[in-house]
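The residues making up each chain are set out below.
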4 protein chains.
Amino acid sequence: MDVITDPDVDAVWICSPSQYHADQIKACAANGKHVFCEKPIATDLAETVEAINACNEAGVKLMIGLQRRFDPNFLRVRNAIETKEVGDTIVIKTCSRDPSPPPYEYVKGGGGIFNDMAVHDLDMTRFLAGEDPIEILAVGSCHIDKSIEDLPGSEAFDTATCIVKYPNGVSAMVDVCRQSSYGYDQRAEVLGTKGMIATDNVYPNTAKIYRNDFTGNADMPFDFFLSRYFEAYVTETEAFCKSLVEDSEVPCTGIDGLVALVMSLAADKSAAENRWVKFSEVIENVYCSSPTECSLLVDSDVFPDGFKPTKSLSELQNIVVPDVDEQKKSGSFTTKFKEMLGI
Amino acid sequence: MDVITDPDVDAVWICSPSQYHADQIKACAANGKHVFCEKPIATDLAETVEAINACNEAGVKLMIGLQRRFDPNFLRVRNAIETKEVGDTIVIKTCSRDPSPPPYEYVKGGGGIFNDMAVHDLDMTRFLAGEDPIEILAVGSCHIDKSIEDLPGSEAFDTATCIVKYPNGVSAMVDVCRQSSYGYDQRAEVLGTKGMIATDNVYPNTAKIYRNDFTGNADMPFDFFLSRYFEAYVTETEAFCKSLVEDSEVPCTGIDGLVALVMSLAADKSAAENRWVKFSEVIENVYCSSPTECSLLVDSDVFPDGFKPTKSLSELQNIVVPDVDEQKKSGSFTTKFKEMLGI
Amino acid sequence: MDVITDPDVDAVWICSPSQYHADQIKACAANGKHVFCEKPIATDLAETVEAINACNEAGVKLMIGLQRRFDPNFLRVRNAIETKEVGDTIVIKTCSRDPSPPPYEYVKGGGGIFNDMAVHDLDMTRFLAGEDPIEILAVGSCHIDKSIEDLPGSEAFDTATCIVKYPNGVSAMVDVCRQSSYGYDQRAEVLGTKGMIATDNVYPNTAKIYRNDFTGNADMPFDFFLSRYFEAYVTETEAFCKSLVEDSEVPCTGIDGLVALVMSLAADKSAAENRWVKFSEVIENVYCSSPTECSLLVDSDVFPDGFKPTKSLSELQNIVVPDVDEQKKSGSFTTKFKEMLGI
Amino acid sequence: MDVITDPDVDAVWICSPSQYHADQIKACAANGKHVFCEKPIATDLAETVEAINACNEAGVKLMIGLQRRFDPNFLRVRNAIETKEVGDTIVIKTCSRDPSPPPYEYVKGGGGIFNDMAVHDLDMTRFLAGEDPIEILAVGSCHIDKSIEDLPGSEAFDTATCIVKYPNGVSAMVDVCRQSSYGYDQRAEVLGTKGMIATDNVYPNTAKIYRNDFTGNADMPFDFFLSRYFEAYVTETEAFCKSLVEDSEVPCTGIDGLVALVMSLAADKSAAENRWVKFSEVIENVYCSSPTECSLLVDSDVFPDGFKPTKSLSELQNIVVPDVDEQKKSGSFTTKFKEMLGI
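Each value, and the rule that gives it
Sequence order as written defines the numbering, with residues in each chain counted from 1. Throughout, the order in which chains and ligands are written sets their labels, letters from A for the former and numbers from 1 for the latter. Given that the model is predicted, a residue must reach a pLDDT of at least 70 before its local features are reported, and side-chain atom pairs must reach 80 or more before they are shown or counted; all residues, however, enter totals for whole chains, interfaces and linings. Hydrogens and water are ignored here; the side-chain numbers use all heavy atoms of the structure. What counts as a helix is a DSSP run of H or I of at least four residues, what counts as a strand is a run of E of at least two, and both are numbered from the N terminus. Here the Shrake-Rupley method, with its probe set to 1.4 Å, supplies the accessible areas, and only the displayed protein chains count as covering residues. In this tally, Lys and Arg are treated as positive and Asp and Glu as negative; His is ignored, and so are the chain termini. A charge is said to be at NZ when it belongs to Lys, at CZ for Arg, at CG for Asp and at CD for Glu. Our working definition of a disulfide is a cysteine sulfur pair at a distance within 2.5 Å. Working definition: with a 1.4 Å probe on protein chains only, accessible area under 20% of the residue-type maximum means buried, over 50% means exposed, and in between means partly exposed. At least two DSSP bridges between two strands are needed for those strands to be called paired. Copies are brought into register by a least-squares superposition over C-alpha atoms of residues with pLDDT of at least 70 in both. The contact rule is simple, with two residues in contact once any of their heavy atoms fall within 4.5 Å. Two parts placed together each lose some accessible area under a 1.4 Å probe, and the buried area is that loss summed for both. In what follows, salt bridge is the name for a side-chain nitrogen of Lys or Arg lying within 4 Å of a carboxyl oxygen of Asp or Glu. For helices, the axis comes from a line fit to the C-alpha atoms of the stretch in contact; other axes are also lines fit to C-alpha atoms, and the angle between any two N-to-C directions lies between 0 and 180 degrees. Each crossing gets its handedness from the near helix: less than a right angle anticlockwise from the far helix is left-handed, clockwise is right-handed. Gly is put with the polar residues, along with every residue not named as nonpolar or charged; the nonpolar set is Ala, Val, Leu, Ile, Met, Phe, Trp, Tyr, Cys and Pro, and the charged set is Asp, Glu, Lys and Arg. To sort the angles, those under 35 degrees are grouped as roughly parallel, those over 145 as roughly antiparallel, those from 65 to 115 as roughly perpendicular, and the leftovers as oblique. The rule is short: rings of Phe, Tyr and Trp, with Trp giving its six-membered ring, pair when the centres are within 6.5 Å, and they are stacked under 30 degrees, edge-to-face over 60, tilted in between. Our definition puts a charge over a ring when NZ of Lys or CZ of Arg is within 6 Å of the ring centre and also within 35 degrees of the ring normal. Candidate patch residues must exceed 30% relative accessible area and have no salt bridge, after which like charges are joined if within 9 Å and Val, Leu, Ile, Met, Phe, Trp or Tyr side chains if within 5 Å.

A short note on the overall build of chain A
Thought 1: Looking only at helices and strands, chain A has twelve helices and 14 strands in total.
Thought 2: Over its C-alpha atoms, taken along the principal directions, chain A stretches across nearly 75 × 50 × 45 Å.
Thought 3: Surface exposure of chain A reaches about 13500 Å², of which carbon and sulfur atoms provide 50%.
Thought 4: Here chain A contributes 31 positive and 54 negative side-chain charges, whose respective centroids are spaced 6 Å apart.

Quick word on the state of the cysteines
Thought 1: Tallied over the full model, the rule gives four disulfides over all chains.
Thought 2: One disulfide in the model links Cys288(D) with Cys294(D); its S-S distance is 2.2 Å. Across the S-S bond linking Cys288(D) and Cys294(D), the dihedral sits near 100 degrees, which makes this disulfide right-handed.
Thought 3: You can call Cys288(D) buried: its relative accessible area is 0%.
Thought 4: Using a relative accessible area of 10% as the deciding quantity, one classes Cys294(D) as buried.
Thought 5: For Cys241(A), which is in no disulfide, the shortest distance to another cysteine sulfur is to Cys15(A) and amounts to 12 Å.
Thought 6: No disulfide involves Cys37(D); its sulfur sits 8.0 Å from that of Cys15(D), the nearest cysteine.

Here's the deal with the pairing of strand β6 (residues 159–165) of chain A
One face of the sheet, then the other: side chains in a regular strand alternate in exactly this way.
Residues and elements named next belong to chain A.
Thought 1: Counted residue by residue, β6 has seven buried out of seven residues, so it is predominantly covered.
Thought 2: Sheet analysis places strand β5 (residues 135–141) next to β6, joined by seven bridges and oriented antiparallel. By the bridge assignment, Gly 140 is partnered in β6 with Ala 160.
Thought 3: Pairing geometry for β6 and strand β7 (residues 171–177), over seven bridges, is antiparallel. From the neighbouring strand, Thr 159 faces β7, where its bridge partner is Cys 177.
Thought 4: As consecutive antiparallel partners, β6 and β7 are separated by five residues, and within that stretch Asn 168 has a phi angle of approximately 65 degrees, a positive value.

Points about the relation of the copies chain A and chain B
The pair of chain copies shares a relation made of a rotation about an axis and a shift along it.
Thought 1: After a rotation of 180 degrees and a shift along the axis of 0.0 Å, chain A superposes on chain B with an RMSD of 0.0 Å. In short, the pair behaves as if placed about a two-fold rotation axis. Of every C-alpha in chain A, the one belonging to Arg275(A) sits nearest the axis of rotation, 3.2 Å from it.
Thought 2: A share of 100% of interface residues in chain A that are also interface residues in chain B marks the association as one of identical surfaces.

Concerning the interface of chain A and chain B
Thought 1: Each partner contributes to the interface: chain A provides 39 residues, whereas chain B provides 39 residues.
Thought 2: Taking both sides of the interface into account, the surface hidden between chain A and chain B amounts to around 2900 Å²; carbon and sulfur atoms contribute 61%.
Thought 3: Applying the counting criterion to the chain A and chain B interface returns six salt bridges.
Thought 4: For the salt bridge of Arg97(A) with Glu189(B), the shortest nitrogen-to-oxygen distance reads 2.8 Å.

As for the packing of helix α6 (residues 113–129) of chain A against helix α9 (residues 254–273) of chain A
Packed helix pairs are characterised by how far apart their axes lie and by the angle those axes make with each other.
All names here are of chain A.
Thought 1: Interhelical geometry of α6 versus α9 gives an angle of 115 degrees and a closest axis separation of 8 Å. Of the two elements, α6 crosses α9, and the hand of that crossing is right-handed. Between α6 and α9, the residues in contact are Phe 114, Asn 115, Val 119, Leu 122, Asp 123, Thr 125 and Arg 126 and Ile 255, Asp 256, Val 259, Ala 260, Leu 261, Met 263, Ser 264, Leu 265, Ala 267, Asp 268 and Ala 271, respectively.
Thought 2: Grouping the amino acids of the contact of α6 with α9 by side-chain chemistry returns eleven nonpolar, three polar and four charged.

Let's talk about the packing of helix α2 (residues 21–30) of chain D against helix α3 (residues 45–58) of chain D
Residue and element names in this part refer to chain D.
Thought 1: Direction vectors running N to C along α2 and α3 enclose 15 degrees, while the axes themselves pass 8 Å from each other. The angle between α2 and α3 places the two elements in the roughly parallel class. The chirality of how α2 crosses α3 is left-handed. Side by side, α2 and α3 meet where Ala 22, Ile 25, Lys 26 and Ala 29 of the first sit next to Glu 47, Glu 50, Ala 51, Ala 54, Cys 55 and Ala 58 of the second.

Section: α2(D)
Each full turn of the α-helix corresponds to 3.6 residues, which orients residues three or four apart in the same direction.
Residue and element names in this part refer to chain D.
Thought 1: Among all positions in α2, only His 21, Ala 22, Ile 25, Ala 27, Cys 28 and Ala 29 are buried.
Thought 2: The inward-facing, buried residues of α2 abut α1 (2–5), β1 (11–14), β2 (34–38), α3 and β3 (62–65).
Thought 3: Of the residues flanking the end of α2, it is Gly 32, one or two places downstream, whose phi is positive at about 70 degrees.

Details of the relation of the copies chain D and chain C
Thought 1: You can overlay chain D on chain C at an RMSD of 0.0 Å; the transform is a turn of 180 degrees with a shift of 0.0 Å along its axis.
Thought 2: A share of 100% of the interface residues of chain D reappears at the interface of chain C, consistent with the copies meeting face to face through the same patch.

A look at the sheet that holds strand β3 (residues 62–65) of chain B
Residues and elements named next belong to chain B.
Thought 1: Pairing in this open sheet of three strands is parallel, and the strands run β1-β2-β3 from one edge to the other. Both outer strands of the open sheet, β1 (11–14) and β3, are each paired with one neighbouring strand and no more. Across the sheet, the mean angle separating the axes of adjacent strands is 15 degrees when strand polarity is ignored.
Thought 2: Relative to β3, strand β2 (residues 34–38) runs parallel, the two being bridged by four bridges. Bridge pairing in β3 links Glu 38 to Gly 65.
Thought 3: Packed on one face of the sheet, helix α8 (residues 230–246) meets β1, β2 and β3 and runs near 160 degrees to β2.

Some words on unusual backbone geometry
Thought 1: In this model, Lys39(B) is joined to Pro40(B) through a cis peptide bond whose omega is -5 degrees.
Thought 2: A positive phi angle is found at Lys84(A), which is not glycine, with a value near 55 degrees.
Thought 3: On the secondary structure map, Lys84(A) appears in the loop between α4 (72–82) and β4 (89–97).
Thought 4: In the Ramachandran plot, Asn274(C) falls in the positive-phi region, its phi being about 55 degrees despite a non-glycine side chain.
Thought 5: Mapped onto the secondary structure, Asn274(C) falls in the loop between α9 (254–273) and β12 (277–278).
Thought 6: Under the relative-accessibility criterion, Asn274(C) is labelled partly exposed at 31%.

Describing the packing of aromatic side chains
Here a ring pair, both rings aromatic, is described through the centre-centre distance and the interplanar angle of the planes.
Thought 1: Within the structure shown, the criterion is met by 30 aromatic pairs over all chains.
Thought 2: A centroid spacing of 5.9 Å and a plane angle of 25 degrees characterise the contact between Trp13(D) and Phe36(D), whose relative ring orientation is stacked. In this pair, Trp13(D) is assigned in strand β1 and Phe36(D) in strand β2, connecting sequence segments 23 residues apart.
Thought 3: A centroid spacing of 5.1 Å and a plane angle of 80 degrees characterise the contact between Trp13(D) and Phe240(D), whose relative ring orientation is edge-to-face. Note that Trp13(D) is positioned in strand β1 and Phe240(D) in helix α8 (residues 230–246), a separation of 227 residues in sequence.
Thought 4: Judged by relative accessible area, Phe240(D) falls into the buried class, the value being 0%.
Thought 5: Here the aromatic cluster, defined as three or more aromatic residues joined through ring pairs, consists of Trp13(A), Phe36(A) and Phe240(A).
Thought 6: For the cation-ring pair, Arg78(D) lies above Phe127(D), with the distance from its terminal atom to the ring centre recorded as 4.3 Å.

Here we look at the interface of chain D and chain C
Thought 1: Contacts between chain D and chain C engage 39 residues on the former and 39 residues on the latter.
Thought 2: Buried surface at the junction of chain D and chain C, summed over both partners, amounts to about 2900 Å²; 61% is from carbon and sulfur atoms.
Thought 3: Joining chain D to chain C, the criterion identifies six salt bridges.
Thought 4: Listing elements by their share of the side of chain D that touches chain C, those giving two or more residues are β4 (89–97), β5 (135–141), β6 (159–165), β7 (171–177), β8 (185–192) and β9 (195–198) of chain D.
Thought 5: Of the residues belonging to the side of chain D that touches chain C, the class tally is 16 nonpolar, 13 polar and ten charged.

Focus on a nonpolar patch on the surface
Residue and element names in this part refer to chain A.
Thought 1: There is a patch of nonpolar side chains on the surface, built from Phe 224, Phe 225 and Leu 226 and spanning about 270 Å² of accessible area.
Thought 2: Tracing the sequence through the fold places Phe 225 in helix α7 (residues 225–228).
Thought 3: According to the relative accessible area criterion, Phe 225 is partly exposed, its value standing at 38%.

Fair warning: the whole summary comes from geometry, so function is off the table for now.
Below you can see the structure in the form of structure tokens.
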């Protein structure tokens, strides 16, 4: 907390355990500090909206650490899509495998495979699609450590597959697994109307070895995420600093963090109910009576008088205060919020 | 027909348009000829069962040409799974892309993308899983030739993605597209508890070229399926001949062709109804009053007295006569069929 | 011999041990049979010229089995050079490694590493260069089976490296080794003024495996030359048959076999004397008093009156009778030979 | 010079044009500064020895920037050799191609292709062999910019190939070219008694693109040496700093720089005289009357009384003062030098 209140500090990096993120973001906002926060903002939707709004109301920048967006390989795929190098996107495929499953204690209460792992891939499909998604179908299963099968919901899964529907008939296919005996494996493949772009897994060097029992890579893929994403972490840090110095938009916003959470919650629900889940189903549970007072209306039929919760990702702007960069262009949130509530 | 009735002919290869397959198979059976038939046996389930039964009753061998099973690359993946080279299977992924979409006239009335294209991939997932599948979720979309969007059902799709659930939590992910601007692209990837095995696309040679505008393969992938699967066609032909000469089991049976059809029909239904479809939903529509008199009971509540249609893939044996190789081991079909009908 | 004299036989394939090749070729020629002969024609230069001349005088076709020229990978490199796909050739590199060294008995008296192994690579550099070579520098060494170190000359080597100079400053680099613990490895790389083309080693399939101890090719490269060059053997056989049926030029002539032998003999000499050896040094030892009476003049200063032996590869035509295809265009050999001898 | 005399400065990085290196090193030594100097130390052998001796007498560390030794790919090959991962070394192959030739003005007076370009590869073969080389055979040619053909000696070459003999029959093959239309291309391949290790060229990312006209790498190789060797430059800088902080041996010594120069001079001579050149032929021209008074005795038969110039790489210690790290172990240079001269 000393850092957060120190007048010489301009910006704070929050890399604490997830459950402290929201409060620490709010504290930073209250002290006028810009914030870089590792994903997730919070594990609860309402709390996430509140933390974002705290920053936006305070006029401080908030950047979320979805570092995979800064990996040079994924970035190259994104660039190909933006420049239509392979035409219009048809299918997006990502796969993501961790070297080995976390301990039982981490999985228990960790929020499940969609929230603590697949969220990166779901976000990546949105990053690559360049559009907001519509609905999701998810499947989970347990193959490695059968002891977690007793855990509730998606905490019982170490493997998951998803299909996400995007506008214009674009489908994204995601598969994740908590164990890859050969080290980290994160790849993306995009088929477009004019071709395909695909990344390969990353190795420490280009050397290959040929011996009497095998021929292949001289070294194994990385087995630690800090090594695998070293370049991405450097790049995202530079990007945040650049945003501060130039007072330009952060490249990964609070809304990006919020939508990533919405996607993982919807995946969770889909796997539990074995059916397509629209993202609006998740969002319409969030009700904000003010920028910093939000709550969830899950399973509730009692809506406050004269209030309609948000129904789609594009309506998120109704419950989230414009951030510091948007504010420069548009009017104040309070006016807008009042308009929304009709008061 | 001269071939089929020629007393000097032992076996017949049927490579005619799909709509003639069933009748030609029956004619071969009636004349005691062994049959190799390109997939599909028929585009109708009941007709498919009848054609299979015709062969099985006549005691002639029937092999279905699902040639991809004989490609050395896919075969290598299957072998890895059988020998548990990558442990127990967790996820199976296949992708399949044709160089360019067929003409409008071919697509119209062709049965849709699942029946005329994805069927190979659906069969491949079953071949690799080594188990019968449980249910399927499919999505279709149109990206290339918008003129087909007016066609009914899955004929309007040029792209499809599926998830197939197999026993023990194994998922298979399939994506197909009628256009791949870079030539044929058929690959498989299997993640197991001890590793991954994956095939790459096939090129005419290993040469790579490095020039000022690109560095990559000297030649494009194949753009004609007979070139792409040349080796597979040779191998499957040899395999059928070997079965005849040694009087051993054919490696790709009528049941394999039947299940492939069931899978593509279920995919069709899933895409149309936007939900998981169990394969039993498709199968329970087939009602056989005798080995060679089968019909579909789709949308019918009127079941014949004392008869219960088949409910799962494993019960297919109730409506299909044991083939010539099974008959050597077990009793006759007639006895069995009577038992099933309780008469 | 029954085959060679059988009037129903048009052409003979000679695949016997090398020492019988020359006599069998002559017998074929005497009986008017076309000949396909595995390399080498003979291990002696004079005998090689005689065998070629026997065929050419008899007007039968002679094709030499330098099968590597028909491998689709090497062929692709040659095509790139012919069409200037990578511009004008600057450097040619080939490497060639056998799975394991032959037994001591094979090496002893086998003619040494340049004649029984590197000859394929030396021929390949000429095939790729599309020109006749000028001089060679070769180095040999022994690393695997030290027992052969006692053998004379290049029989003591299991490893060799060469540089061959071609016209226009083109250099070819060759390295060969009798042992490659990872199976056959034969590759070529050509740098041109506009880029590079390079082949990779060949594997039975495209599958790759990723496990906790390695990630790489699912299967090893081929360990038997008949598997490695299966396609090449089929192609060269088809090519010979096509030459016979169409009465067209054979794609790998007696001269090609003769020059390959000249190259390996020069390499041998270079390694022994540790200096550049011009190919003319080897050729000028061959003296033919008639098409079928040739001898070697090594270390001899006594030249027959009025006769000058051949000095360069381009003058080989002075001692070799025009073959059956050339004869169609030009005059008879006898006239020509007399002209050369000035009688 | 202000930096060199600044009492607050401990170490100096010399990255100036090559002709200033030697004097600047001496100035650093005179001021007690440790030195990191980009290769070469000097383009003249005698001057190189003097500069090294200046540092060694002054007791300051001298590290030479042969940055390729710190590239993770080449380093991996070296490690494989040190740990005998592919057994005992049989053949070493390196290739090195620059994106485009330097301007005529750079080439003229630049010392030729062996000194300004191949020196990196020659050093790399020594780095990989882990031994001092014996003799070299080099060939040069001109293919790209014919205007340089008028320049003297190896300045007229834009392409060169070399074979370097190392102890135990190990051969190294090097090919370099001043133009690679596809960007930087630097690779190494080592065949050992138990297998092969080989590096591939380096790309900015792992993405591959598949379109109707090509399938290959999404981006070109690097076209600027600072990008290609970015990681190597960082690593070598860290290594020098570590040596200073820990007072440990520098990983790339003055002797390494000196031998690299000897190798390139010998290559130059070999290409000019079209024959094998022993490295001792170059070294025996260096005569030092004191550590800082050396001269070349090329083409001179007049040796000073009682003095025999150095004959082999292993005798370099006779003309080079032990460096600061060696001195800790052994006696002083002056004693040693006097012993050598017999005074």
